[in-house]
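Listed here are the chains, written in short residue letters.
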Amino acid sequence: MTKHSPSDEFLGLLSAVAGRYSLEYEIGRGGMGIVFLAHDVTLERPVAIKLLPPAMARQTTLRERFLREARTAAKLSHPNIIPIFSVEEVEEYVFFVMAFVEGETLAQRVRKGPLKPDDATAIIREVAWALAYAHAQGVIHRDVKPDNILLEEASGRVLVTDFGIAHIADSDAVDEPSEILGTPDFMSPEQATGEPVDARSDIYSLGVTAFFTVAGHPPFSAPSSSELLAHHIRTPAPSLATVAPAVPRTLARVVERCMAKEPDERFQSGEALAEALAGTIVVKKETPVAVRLFVKETKQQRDQGRNLMWPLVGVFFGSSFLLAGPVPVGVGIIAAAMGLPFISLIHRTRRVVRAGFEQADIARRFEDDLGSLDEELRFLYGDDYVKVAKRWRNAAFAGIAGATLGLAGVFMGAPEAGFMLSFFSVGVATLSGTQMKKRSTKGATRQVKFWRGRFVKWLFSVAGVGLKKQPETPALTHRPTELAIGMAVSSLFESLPKALRAGMSDLPEVVESLEADAQRLREQINGFDNLLAVAETSPSAVRGEDSLAGQRQRAIDRIRSAREEAQRRFSDTVAALEKLRVDLLRMRAGSADVESVTANLGSARELGAQIDRLLTAHEEIEQELTQRPS
């Protein structure tokens, strides 16, 4: 950030928006904009202003594109996209005003060192959600890169910015297909060749960003932009596992799929990418007990069903022949064999729904099991375990074929040779089949597909009949900030399953305390404002003619200092509430656990103790100043 030597653009814009925005300093500049930190005079809040340089604003095409893209981006409303408050033209200046985020870019974070795989995964997932939303609105970002991903310091939230060269898929006034816009280090092959782009271009750029985040450098480097673009067009991306060996293979494969040269080979949407990332975090969160118990009982029932299958077949045929014929008895046995497990499944599903969980929670647990199985097989047999399993499968087929030939030999007059061949081949088939099964993930993969499927969706809808639905994520209402956030936190807390609430039972008390502290701080700030208004307009303060003027000036300085400290603590209190809100939102989404909330609860309690001491000291100051003779 540059906070000195104001540029001509800074001074000119400062003059043009005087009275509405107060510019502080230049944050940075890029290909199509200069960003300034400013203060909204009316609403008393910091904002960021992105200005199209006047030299570019005088070019009609660039000016119209900037306004068009800014107005389109202003329509986007998503927790992981920086909101744009207004798009304006004042004299020769064209700019838009957006929320200011205190924090750092992903590029700045990575300069300190590559991120851990689980941290990188969490960031990339949030960006994928933001892009999925933008794509659904018809907006393609076209400049996804670490510099355009912000990490909010207070809450850890990830925000995507700079849709300044975004392409509007359904617009008639789009850029010409041959026009290349973007950053070469992160550009998709189709964008590098000037071809039309869609959502999958952003997926490629996000894959390159993920590679950069974990490896600490982009997949390609070259002395010139043209050579760099040529690599993106023709050179296969290096395997992430080769440059970052500690990265889980599941995550490496997801990133490599994002960077496929052909768009059809990538993930086709941000939702699909986010879903694929769900099970790749190295340190997985603890599965809620309701979900864990459901999966455990389901697997037990499945195994019991397998053990009972052949006895049931025997009972079916025996009863069919001994009693009234195959149809009535057989149908009854089959109905009983299938109906009882299904009733049990409905009961277990209803129990999970009542606890506040959904189909995705169950499917995610099976995905975690699949990911764990994959990691275990790679550890035991190496990365090529799938190829080795195929060789064992082929050997098993060869054994079956040999056994068949041996039996044919027995019946065709060569019994000794036939028996020997059959005996040997059966041994080969048995051994090969066992080895193949040890290296197979097909069963776990089928489980994931089944629990993601339509039947389970219908199952959950049936099981949820008559149960009270979980409340929607609460929005902040038009109340004082601290009360609005506090209400949202309380509502989120009540929507969690009882078992999770029990692990952080003191949260409501902490939230209530933070709300009270914030309100007391707000009252103190207003009280200091009143004292300042009286002190600064009194005759002695204006004339400065007698000895009382010096005392009054010292009192004014003291009040201002106390007010600034109260304002800082007020911001800290609201930020503490916001952190709890973000944690509970993430918990609802399945990406946070109780430990992360309890850590912030501990910080909030310590903050409350500090505020109590501050408020006591400030009340003494107020009493002392108000009791002095004017």
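Residues numbered from 1 in each chain as written. Predicted model: local features only at pLDDT ≥ 70, side-chain atom pairs only at ≥ 80, totals over all residues. Heavy atoms only, no water.

Draft legend 1. Molecular detail of the overall build of the chain. Within the chain, the regular secondary structure consists of 24 helices and 10 strands. Evaluated residue by residue, the chain yields a buried proportion of 44% over its 630 residues. Sequence-distant contacts, at least 24 apart, represent 67% of the contacts inside the chain between residues at least 6 apart. (Helix = DSSP H or I, 4+ residues; strand = E, 2+ residues; numbered from the N terminus. Buried < 20%, exposed > 50% of the residue type's maximum accessible area, 1.4 Å probe, protein only. Contact = heavy atoms within 4.5 Å.)

Draft legend 2. Quick peek at a positive patch on the surface. On the surface, K387, K390, R391, K442 and R446 cluster together to form a positively charged patch. Counting residues per element, the ones that place at least two in the positive patch are α15 (385-411) and α17 (442-452). Among the elements that make up the positive patch, the one with the highest residue count is α15 (three residues). Tracing the backbone through its elements, the reader meets K390 in helix α15. (Patch = residues over 30% accessible without salt bridge, like charges linked within 9 Å, V, L, I, M, F, W, Y side chains within 5 Å. Areas by Shrake-Rupley, 256 points an atom, 1.4 Å probe, with all protein chains shown as cover. Salt bridge = Lys/Arg side-chain N within 4 Å of Asp/Glu carboxyl O. Lys, Arg positive; Asp, Glu negative; His and termini not counted. Charge placed at Lys NZ, Arg CZ, Asp CG, Glu CD.)

Draft legend 3. Molecular detail of the environment of A120. Structurally, the position occupied by A120 is in helix α5 (residues 117-136). Between the C-alpha atom of A120 and that of A210, which follows or precedes it by 90 residues, the distance is 7.0 Å.

Draft legend 4. Structural detail: the packing of aromatic side chains. Under the criterion given, the structure shown has eight aromatic pairs. Plain terms: the ring middles of F366 and W451 are 5.3 Å apart, the flat faces sit at 10° to each other, and that makes the pair stacked. Of this pair, F366 sits in helix α14 (residues 359-381) while W451 is found in helix α17, placing the two residues 85 residues apart along the sequence. Judged by relative accessible area, W451 falls into the buried class, the value being 2%. Taken together, F294, F366, F450, W451, F455 and W458 form an aromatic cluster joined through their ring pairs. Across the ring face of F85, the terminal group of R45 is positioned such that the distance to the ring centre comes to 4.0 Å. Across from the ring centre of F267, 4.1 Å away, lies the NZ or CZ of R257, which sits over that ring. (Phe/Tyr/Trp six-rings, centres within 6.5 Å; stacked < 30°, edge-to-face > 60°. Lys NZ or Arg CZ within 6 Å of the ring centre and 35° of its normal.)

Draft legend 5. View of the sheet that holds strand β9 (residues 158-160). Reading across the sheet, the three strands line up as β6-β8-β9 and stay open at both edges, with antiparallel pairing between neighbours. Two strands close off the open sheet at either side, each with one partner strand: β6 (103-105) and β9. Ignoring strand direction, the axes of neighbouring strands in this sheet form an average angle of 25°. Looking at chain direction, strand β8 (residues 149-152) and β9 are connected through three bridges and run antiparallel. Directly across from L150, in β9, lies its bridge partner L159. Together, β8 and β9 form the strand contacts of α5, whose direction differs from that of β9 by roughly 40°. (Pairing = 2+ DSSP bridges. Axes fitted to C-alpha atoms, helices over the stretch in contact; angles between N-to-C directions.)

Draft legend 6. Up close: a nonpolar patch on the surface. On the surface, F342, F450, F455, W458 and V462 cluster together to form a nonpolar patch covering roughly 430 Å² of accessible area. Counting residues per element, the nonpolar patch draws most heavily on helix α18 (residues 454-463), which supplies three residues. With respect to the element layout, W458 can be found in helix α18.

Draft legend 7. Fine view of the pairing of strand β2 (residues 33-40). Among the eight residues that make up β2, seven are buried, leaving the element largely enclosed by the rest of the structure. Pairing geometry for β2 and strand β3 (residues 45-52), over seven bridges, is antiparallel. Each bridged residue has a counterpart across the sheet, and for A38 the counterpart in β3 is V47. Counting the residues in the hairpin turn of β2 and β3 gives four residues, including E44, whose phi is positive at 55°.

Draft legend 8. Spotlight on α18. Within α18, the full set of buried residues consists of V456, L459, F460 and A463. Down the axis, α18 shows its buried residues gathered within 95° of arc, on one side only. Of the exposed residues in α18, the ones pointing more than 90 degrees away from its buried face are R454 and K457. (Arc of directions from axis to C-beta.)

Draft legend 9. Region of interest: the pairing of β3. In terms of residue burial, β3 counts as a mostly covered element, since six of its eight residues are buried. Sheet analysis places β3 next to strand β5 (residues 93-99), joined by six bridges and oriented antiparallel. Residue pairing for β5: L52 is matched across the bridge by V94.

Draft legend 10. Local environment of the pattern of salt bridges. Scanning all chains against the criterion turns up 14 salt bridges. A salt bridge links K112 to E104; the nearest nitrogen and oxygen atoms lie 3.0 Å apart. Under the relative-accessibility criterion, E104 is labelled buried at 16%. Two residues, K145 and D143, come together in a salt bridge whose shortest N-O distance is 3.7 Å. When its relative accessible area of 15% is taken as the criterion, K145 is described as buried. Residue D143 is classed as buried on the basis of its relative accessible area, which comes to 10%.

Draft legend 11. Examining the confidence of the model for the chain more closely. Counting all residues, the mean pLDDT for the chain is 78, and 80% of those residues have values of 70 or more. Confidence, expressed as mean pLDDT per element, reaches its minimum in the chain at strand β10 (residues 167-168) with 45 and its maximum at helix α7 (residues 199-215) with 94. For the stretch residues 166-180, pLDDT sits under 50, and the model shows 32 contacts to residues farther than four places along the chain or on other chains. Ignoring residues within four places in sequence, the model shows residues 320-325, a span with pLDDT below 50, making five contacts including any to other chains. (pLDDT = per-residue confidence, 0-100.)

Draft legend 12. Just the packing of α14 against α17, in detail. Running from amino to carboxyl end, α14 crosses α17 at an angle of 170°, the nearest separation of the two axes being 9 Å. If you check the angle between α14 and α17, you find them roughly antiparallel. For the element pair α14 and α17, the recorded crossing hand is left-handed. Across the interface between the two elements, Q359, A360, I362, A363, F366, E367, L370 and L373 of α14 pack against A444, T445, Q447, V448, W451 and R452 of α17. Among the residues making up the contact of α14 with α17, the classes are represented as nine nonpolar, three polar and two charged. (Parallel < 35°, antiparallel > 145°, perpendicular 65-115°, else oblique. Left-handed = near helix turned anticlockwise from the far one by under 90°. Nonpolar A, V, L, I, M, F, W, Y, C, P; charged D, E, K, R; others polar.)

Draft legend 13. A look at the nonpolar core. Membership of the largest hydrophobic core comes to 69 residues, with the highest contact counts inside it found for F163, L206, L240 and L273. It is α7 that contributes the most residues to this core, nine residues altogether. When near neighbours in sequence (up to four residues on either side) are disregarded, F163 contacts E69, A73, L76, I81, A134, V139 and H141. Judged by nonpolar contacts, the second largest core, of 30 residues, contains I485, L500, L507 and V574. (Core = buried A, V, L, I, M, F, W, Y, C linked by side-chain atoms within 4.5 Å.)

Draft legend 14. Examining unusual backbone geometry more closely. Of note in the backbone geometry, E91 takes a positive phi value of approximately 55° without being a glycine. Here E91 shows up in the loop between β4 (84-90) and β5. What makes E91 exposed here is its relative accessible area of 67%.

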